[in-house]
Amino acid sequence: MEIKGIDVSAWQGHIDWKTVADYGMGFAILRITEAGNVVDSTFEDNYTGCVRYKIPVGVYKYSYAMTEEESRREAEKVIEVLHGREIRFPVFLDLEWNSQRTLGAAGVEKIAEAFEKVITNAGYKFGIYCNVDWYQTMISASLKKYDFWIARYPANDNGTLQERLRPDFGVGWQYSSKAVIPGISGYVDRDVFYKDYGEEESGGEASGTVESNENPPELWKKMEELMKEQLGYLEKKSPKDLDSKTENAGYGNYTKYARDVDSWGLPGYQGQPWCAVYQFWICAEVFGREKALKIMGNGFYNCNSVRSHAKAEGTWHTEPRLGALVNFRNGAHMGRIIRITEKIIYTNEGNTSSGKLNNVEANGGSVAEKSYTIGNPQIDGYVWIDYGSGSGTTEESRWKAVGTAVSTVDNLFVRARPNGEVLGELMKGNRFEINGVVSGDWMQIMAANIGVGWVASRYTKKDGESAEDVEIADKQDKKQRLFVGKVTASVLNVRSWAGTEYPQIRSYPILKRGNLVDVMNFTQTAADGSFWYYIRIAGKYYGFAASQYIQRQ
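Everything numeric in this text was worked out from a predicted model, so none of it was measured.

Peer 1: What should I look at first to understand the packing of aromatic side chains in this one?
Peer 2: Throughout the structure, instances matching the rule amount to 38 aromatic pairs. Centre to centre, the rings of Phe300 and Tyr301 are 5.7 Å apart; their planes meet at 80°, and the pair counts as edge-to-face. You can call Phe300 buried: its relative accessible area is 0%. Site record: aromatic cluster; members linked through ring pairs are Phe27, Tyr60, Phe89, Phe92, Tyr129, Trp149, Phe193 and Tyr197. The ring of Phe287 is capped by Lys291, whose NZ or CZ atom sits 4.4 Å from the centre of that ring. Over the ring of Tyr534 we find Lys478; its NZ or CZ atom is 5.5 Å from the centre of that ring.

In structure tokens form, the structure reads like this:
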């Protein structure tokens with residue numbers, strides 16, 4: 001079996017891929033990056049053309065690495081550019097730079113193995129390109145276990161295959177550098193491969209070890225398009241220009257996503273870390289708000305609350321699935337899976353920044369796509385989402401009211417869970433629905449402009465019942481300063497809620513010994529039972545810090 005194809009780079013200029021395809025082309029191997037780890041200027045057009053006209057693709061990287069670390073960086077750049085896209089043929093490491101000969105066979109082996117590890121960990125096939133002399137003098141016996149693409153053509157090269165020069169090793173042969181192909185101006189390299197990579201699984205699509213995409217095309221397409229539209233959105237330094245992707249960029253955590261969620265009568269928590277609010281916004285736009293709440297729960301703005309809700313609903317899993325939400329670092333961050341390979345998941349995330357493989361950037365500043373190895377210890381787990389049930393349940397089928405009640409006090413906090421995060425507050429006489437669900441002294445309610453949450457039942461009155469006038473004991477007012485505190489720890493993190501599992505605030509994430517802060521009347525209890533102060537820094541930044549590290553002045 002022989003499959004004939006070409007390899008190309010910017011040297012070929014613009015290629016008419018339809019003409020190339022009509023001529024007949026078994027594959028095309030594209031240069032992906034060049035010297036300095038710069039993307040080949042024609043790679044994107046070449047890849048798009050090949051995909052459009054169904055020409056199988058491989059890529060190659062001409063290596064300039066002299067150390068293992070340099071080789072890893074070259075491989076990481078290749079993976080970054082591929083970004084989960086499917087290629088049928090391998091990623092070939094092009095070994096021919098004369099300076100690398102000074103490394104000897106052992107040194108070449110080290111840089112090749114470093115490159116191979118990054119490529120295969122990302123779910124792609126790996127191969128090596130070199131000429132016959134390199135194969136015989138610079139390639140160690142250990143490296144010869146890989147697939148080799150061998151260059152060998154005569155001095156009087158006229159573009160034809162000359163059988164007398166065919167190597168007796170390797171799976172592919174570059175037999176000419178002066179071939180002429182319709183659709184390409186000037187000369188082009190011509191190749192023949194003896195291995196059909198189409199018979200194997202290719203990098204870039206889900207393998208049998210993970211759930212494949214069974215989503216209805218219309219729903220998944222809508223979600224993909226919406227997420228792509230958001231790429232590059234930068235958070236704002238103030239509540240201005242929220243609909244612009246780049247205007248008023250800063251680190252104030254102001255976004256259009258929080259604004260929209262607030263406008264729906266739900267807690268958008270403007271000015272706070274927004275990775276989960278972004279995912280809720282996406283869900284709401286695709287499925288409708290009610291199914292979005294069903295998926296993520298009423299504490300959707302908090303990654304840990306989403307995880308707890310998913311566990312209660314039975315949608316929390318340890319295996320990835322296309323379209324699932326993924327939680328990181330004990331609830332510090334969240335994204336959504338957009339592609340899966342055998343070893344890599346690719347995500348769309350808000351409140352992050354683009355970066356290398358496995359770079360979790362919680363509380364970053366933009367919407368970006370990321371990638372992580374499956375099994376990465378930074379991944380807590382996955383929230384599977386059913387994309388097959390249309391726009392979701394109705395409000396009536398999700399919430400079963402058994403009566404109504406009113407608040408008997410002002411400033412009654414509605415919380416995401418008993419004694420949990422505050423969703424909003426009710427004033428005396430505000431009416432709300434109840435469903436009969438209680439937990440100790442807490443009752444579940446649905447309040448207008450707040451949604452479903454929990455309130456302390458002793459400050460409520462069911463319709464038809466009598467109740468004595470009461471006041472909230474030890475009433476909290478987050479706007480009231482209790483005292484000035486002094487930080488006693490050398491480093492003290494400031495978080496978005498009480499507990500080390502919550503992310504640091506962006507505006508002023510770390511305090512140092514001796515810093516003075518205002519301690520406000522809103523002390524909360526963390527999940528481990530520790531007390532956390534709600535503090536104000538420099539008169540304008542708010543967050544939570546462990547009370548044991550703040551001493552009253």
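After that view of the structure, there is still more to cover.
Peer 1: Hey, could you run me through the pattern of salt bridges in this one?
Peer 2: Two side chains carrying opposite charge are able to pair once their charged atoms lie near each other. Under the counting rule described, the total for this entry stands at 21 salt bridges. For Asp22, the salt bridge identified is with Lys18, shortest N-O distance 3.0 Å. Residue Asp22 and its partner Lys18 are both found in helix α1 (residues 17-23); the two are separated by 4 residues, about one turn of the helix. In this structure Asp22 comes out as exposed when scored by relative accessible area, which is 57%. A salt bridge links Arg259 to Asp260; the nearest nitrogen and oxygen atoms lie 3.0 Å apart.

Peer 1: Got a minute to help me understand the environment of Gln504 in this structure?
Peer 2: Of note, Gln504 is situated in the loop between β24 (491-493) and β25 (510-512). The sequence separation of Gln504 and Val494 amounts to 10 residues, and the corresponding C-alpha distance is 5.5 Å. Leaving out residues up to four positions away in the same chain, Gln504 has contacts with Pro273, Asn363, Asn493, Val494, Arg495, Pro509 and Ile510.

Peer 1: Before we go on, may I ask you to explain the packing of helix α9 (residues 289-296) against helix α10 (residues 303-313) in this structure?
Peer 2: In helix packing, the relevant descriptors are the interaxial angle and the interaxial distance, both defined with respect to the helix axes. Relative to each other, α9 and α10 sit at 90°, their axes nearing to 7 Å. With respect to their mutual orientation, α9 and α10 come out roughly perpendicular. Residues Leu293, Lys294, Ile295 and Met296 of α9 touch α10, and the partners they reach there are Val306, His309 and Glu313. For the contact of α9 with α10, the class distribution of residues is 4 nonpolar, 1 polar and 2 charged.

Peer 1: Honestly, the packing of helix α7 (residues 256-263) against helix α8 (residues 275-287) in this entry has me stumped. Any pointers?
Peer 2: It is the contact of α7 with α8, at a shortest axis distance of 9 Å, that shows an interaxial angle of 60°. Between α7 and α8, the interaxial angle falls into the category oblique. Viewed along their axes, α7 and α8 form a crossing whose handedness is left-handed. Counted together, Tyr257, Ala258, Asp260 and Val261 of α7 and Val277, Tyr278, Phe280 and Trp281 of α8 form the full contact between these two elements. Its residues placed into classes, the contact of α7 with α8 shows 7 nonpolar, no polar and 1 charged.

Peer 1: Would you mind going over the sheet that holds strand β26 (residues 516-525) with me for this structure?
Peer 2: Backbone-to-backbone hydrogen bonds join strands into a sheet, with any given pair of strands oriented parallel or antiparallel. A sheet is described by the order of its strands in space; here 5 strands give the open sequence β28-β27-β26-β23-β29, paired in antiparallel fashion. Only two strands of the sheet have a single neighbouring strand rather than two, namely β28 (541-546) and β29 (550-552). Within the sheet, the average angular offset between the axes of one strand and its neighbour, ignoring direction, is 50°. The pairing of strand β23 (residues 477-487) with β26 spans 6 bridges and is antiparallel. Considered in β26, the bridge of Phe483 is made with Val519.

Peer 1: I would appreciate a short explanation of unusual backbone geometry in the present structure.
Peer 2: At Asn37, a residue that is not glycine, the phi angle is positive and equals roughly 60°. Mapped onto the fold, Asn37 is located in the loop between β2 (28-34) and β3 (38-39).

Peer 1: Can you help me understand the side chain of Gln230 in this one?
Peer 2: Its place among the elements puts Gln230 in helix α6 (residues 217-230). By relative accessible area, which is 3% here, Gln230 ends up buried. Within polar-contact distance, the side chain of Gln230 engages the side chain of Lys256 at 3.1 Å. Not counting residues up to four positions away in its chain, the partners in contact with Gln230 are Lys245, Lys256, Tyr257, Tyr278, Trp281, Ile282 and Val367.

Peer 1: I would appreciate a short explanation of the nonpolar core in the present structure.
Peer 2: Looking at soluble globular proteins, one finds that nonpolar side chains tend to be buried together. Grouped together as the largest cluster of nonpolar side chains are 104 residues, with contacts concentrated most on Ile6, Trp17 and Phe280. Apart from residues lying up to four places away in sequence, Trp17 is in contact with Ile6, Val8, Ala28, Leu30, Asp45, Asn46, Gly49, Cys50, Tyr53 and Ile55. With 16 residues, the next largest nonpolar core counts Ala405, Val414, Ile450 and Val455 among its residues.

Peer 1: Which parts of the structure should I look at to understand the side chain of Asn304?
Peer 2: One can find Asn304 in helix α10. Side-chain polar atoms of Asn304 contact the backbone oxygen of Asn330, separated by 3.4 Å. Sequence-distant contacts of Asn304, that is, excluding residues within four places in its chain, are made with Asn330, Gly331, Glu501 and Tyr502.

Peer 1: Would you explain α7 in this entry?
Peer 2: Structurally, the α-helix is built with 3.6 residues per turn, so residues lying three or four positions apart point the same way. Within α7, the full set of buried residues consists of Lys256, Tyr257, Ala258, Asp260 and Val261. Capping of α7 at its N-terminal end is provided by Thr255; its side-chain oxygen lies 3.3 Å from the backbone amide nitrogen of Tyr257. At the exit of α7 stands Gly265, carrying a positive phi of roughly 80°.

Thresholds applied
Residues numbered from 1 in each chain as written. Predicted model: local features only at pLDDT ≥ 70, side-chain atom pairs only at ≥ 80, totals over all residues. Heavy atoms only, no water. Phe/Tyr/Trp six-rings, centres within 6.5 Å; stacked < 30°, edge-to-face > 60°. Buried < 20%, exposed > 50% of the residue type's maximum accessible area, 1.4 Å probe, protein only. Lys NZ or Arg CZ within 6 Å of the ring centre and 35° of its normal. Salt bridge = Lys/Arg side-chain N within 4 Å of Asp/Glu carboxyl O. Helix = DSSP H or I, 4+ residues; strand = E, 2+ residues; numbered from the N terminus. Contact = heavy atoms within 4.5 Å. Axes fitted to C-alpha atoms, helices over the stretch in contact; angles between N-to-C directions. Parallel < 35°, antiparallel > 145°, perpendicular 65-115°, else oblique. Nonpolar A, V, L, I, M, F, W, Y, C, P; charged D, E, K, R; others polar. Left-handed = near helix turned anticlockwise from the far one by under 90°. Pairing = 2+ DSSP bridges. Polar contact = N/O pair within 3.5 Å; in protein donor to acceptor, adjacent residues only side chain to side chain. Core = buried A, V, L, I, M, F, W, Y, C linked by side-chain atoms within 4.5 Å.

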